[in-house]
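These are the residues of each chain, in order.
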Amino acid sequence: MAIHAINVRNQFRGRIKEIVLGPVVSEIDVETPVGIVTSVITTRSVNELNLQVGTEVLALIKATEVSLAKV
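Here we summarise the structure given alongside this text. As the structure is a prediction and not an experimental result, all values here were calculated from the model. (Residues numbered from 1 in each chain as written. Predicted model: local features only at pLDDT ≥ 70, side-chain atom pairs only at ≥ 80, totals over all residues. Heavy atoms only, no water.)

## A word on the pattern of salt bridges
We count it as follows: Here, a salt bridge means any Lys or Arg side-chain nitrogen found within 4 Å of an Asp or Glu carboxyl oxygen. Numbering goes from the N terminus for both helices and strands, where a helix is a DSSP run of H or I of at least four residues and a strand is a run of E of at least two. Between buried and exposed lies partly exposed: a residue is buried under 20% and exposed over 50% of the maximum accessible area for its type, with that area taken using a 1.4 Å probe on protein chains only.
Applying the stated criterion to the full structure yields two salt bridges. Glu 48 serves as the salt-bridge partner of Arg 44, at 2.9 Å between the closest nitrogen and oxygen. Within this pair, Arg 44 and its partner Glu 48 are both found in helix α1 (residues 43-48), separated by four residues, close to a single helical turn. The class for Arg 44 is exposed, based on a relative accessible area of 61%.

## Describing the sheet that holds strand β4 (residues 56-60)
Test applied: Any two strands between which DSSP finds at least two bridges are classified as paired. Axes here refer to lines fitted to C-alpha atoms; in helices the fit is confined to the stretch in contact. Angles between the N-to-C directions go from 0 to 180 degrees.
Read from one edge to the other, the open sheet built from four strands follows the order β3-β2-β1-β4, with strand pairing classed as antiparallel. The sheet is open, and its two edges are formed by β3 (35-42) and β4, each paired on a single side. Each strand axis lies, on average, 50° off the axis of its neighbour in the sheet, ignoring direction.

## Points about a nonpolar patch on the surface
Quick note on the threshold: Within this analysis, patches are made of residues with over 30% relative accessible area and no salt bridge. Like charges are joined at 9 Å or less; nonpolar side chains (Val, Leu, Ile, Met, Phe, Trp, Tyr) at 5 Å or less. Throughout, the Shrake-Rupley method with a 1.4 Å probe supplies accessible areas, and for residues the shown protein chains are the sole cover considered.
On the surface, a cluster of nonpolar side chains totalling about 270 Å² of accessible area is made up of Val 24, Val 25 and Val 40. Summarising the element assignment, Val 25 is placed in strand β2 (residues 25-32). Using a relative accessible area of 44% as the deciding quantity, one classes Val 25 as partly exposed.

Dropping the structure here:
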């Protein structure tokens, strides 16, 4: 599964590694080939999408600014 209207650099296929449920929002850790991507989404969406540890997902990244600093 891929969404072709979005640049391939902005999407990473992975599996849910951990879900930290909260009353309103939840943290979802997704293990991808580039590392762990964490998403914060509504708990309602977690339930409606039936997300569970091990579920294969597509992490879509939208960034309006990325800063770099030399270390």
